[in-house]
Amino acid sequence: MRDAAASFEAFLVREAFAPLAKAIGFYGDTVVAAVAQAMARSERGGLTDRLEQSMRLAEPPDSATDAVSR
């Protein structure tokens, strides 16, 4: 789940920095994508954590663990 949240955050960062990627030239997209992915995976307490938490809350309860927790 964290990978999905980090990928979405990286997508947002890549889009925000698209003009910079274009200005860098040939490798701009690759550099911006790599930096955005690294930032999203390593951050704590930011957007990735909030997205992960939201996805966990939206997940339907597992019937096996739900019965045990009652």
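Residues numbered from 1 in each chain as written. Predicted model: local features only at pLDDT ≥ 70, side-chain atom pairs only at ≥ 80, totals over all residues. Heavy atoms only, no water.

J.: Which parts of the structure should I look at to understand the pattern of salt bridges?
T.: Any two side chains of opposite charge can pair, on the condition that their charged atoms come close. All chains considered together, the criterion is met by one salt bridge. The partner of R56 in a salt bridge is E52, with the nearest N and O atoms 3.0 Å apart. Of this pair, R56 and E52 both sit in helix α4 (residues 47–58), four residues apart, roughly one helical turn. Classification of E52 by relative accessible area gives buried; the value is 14%. (Salt bridge = Lys/Arg side-chain N within 4 Å of Asp/Glu carboxyl O. Helix = DSSP H or I, 4+ residues; strand = E, 2+ residues; numbered from the N terminus. Buried < 20%, exposed > 50% of the residue type's maximum accessible area, 1.4 Å probe, protein only.)

J.: Could you clarify how one ought to interpret helix α1 (residues 2–16) in this entry?
T.: The α-helix advances 3.6 residues per turn, and as a result positions three or four apart in sequence lie on the same side. With 15 residues, α1 extends 21 Å between its outermost C-alpha atoms, agreeing within 8% with the 21 Å of an ideal straight helix rising 1.5 Å per residue. For α1, the full list of buried residues reads R2, A5, A6, E9, A10 and V13. For α1, the buried positions fall inside an angular range of 135° around the axis, keeping them on one side. Looking at the buried residues of α1, the elements they touch are α3 (28–42) and α4. (Expected span 1.5 Å × (residues − 1). Arc of directions from axis to C-beta. Contact = heavy atoms within 4.5 Å.)

J.: Could you clarify how one ought to interpret the nonpolar core in this entry?
T.: Most often, soluble globular proteins have nonpolar side chains that are buried together. The biggest cluster of nonpolar side chains holds five residues, and these are A6, A10, V13, A36 and A40. At the level of secondary structure, the elements contributing two or more residues to this core comprise α1 and α3. (Core = buried A, V, L, I, M, F, W, Y, C linked by side-chain atoms within 4.5 Å.)

J.: How do you make sense of the packing of aromatic side chains when you look at a structure like this?
T.: Each pair of aromatic rings is reported with the distance of its centres and the angle of its planes. This model, assessed by the stated rule, comprises two aromatic pairs. Ring plane angle 80° and centroid distance 4.7 Å describe the contact between F26 and Y27, whose orientation is recorded as edge-to-face. Residue Y27 is classed as exposed on the basis of its relative accessible area of 56%. (Phe/Tyr/Trp six-rings, centres within 6.5 Å; stacked < 30°, edge-to-face > 60°.)

J.: Just to check I follow, could you spell out the packing of α1 against α3 for this structure?
T.: Axes are the key here: two packed helices are described by the angle between their axes and the distance separating the axes. At their nearest, the axes of α1 and α3 sit 8 Å apart, and the two run at 135° to each other. Taken together, the axes of α1 and α3 lie oblique to each other. You can see that α1 and α3 cross each other, and the crossing is right-handed. Contacts between α1 and α3 involve R2, D3, A6, S7, E9, A10, V13 and R14 from the former and V32, A33, A36, Q37, A40 and R41 from the latter. (Axes fitted to C-alpha atoms, helices over the stretch in contact; angles between N-to-C directions. Parallel < 35°, antiparallel > 145°, perpendicular 65-115°, else oblique. Left-handed = near helix turned anticlockwise from the far one by under 90°.)

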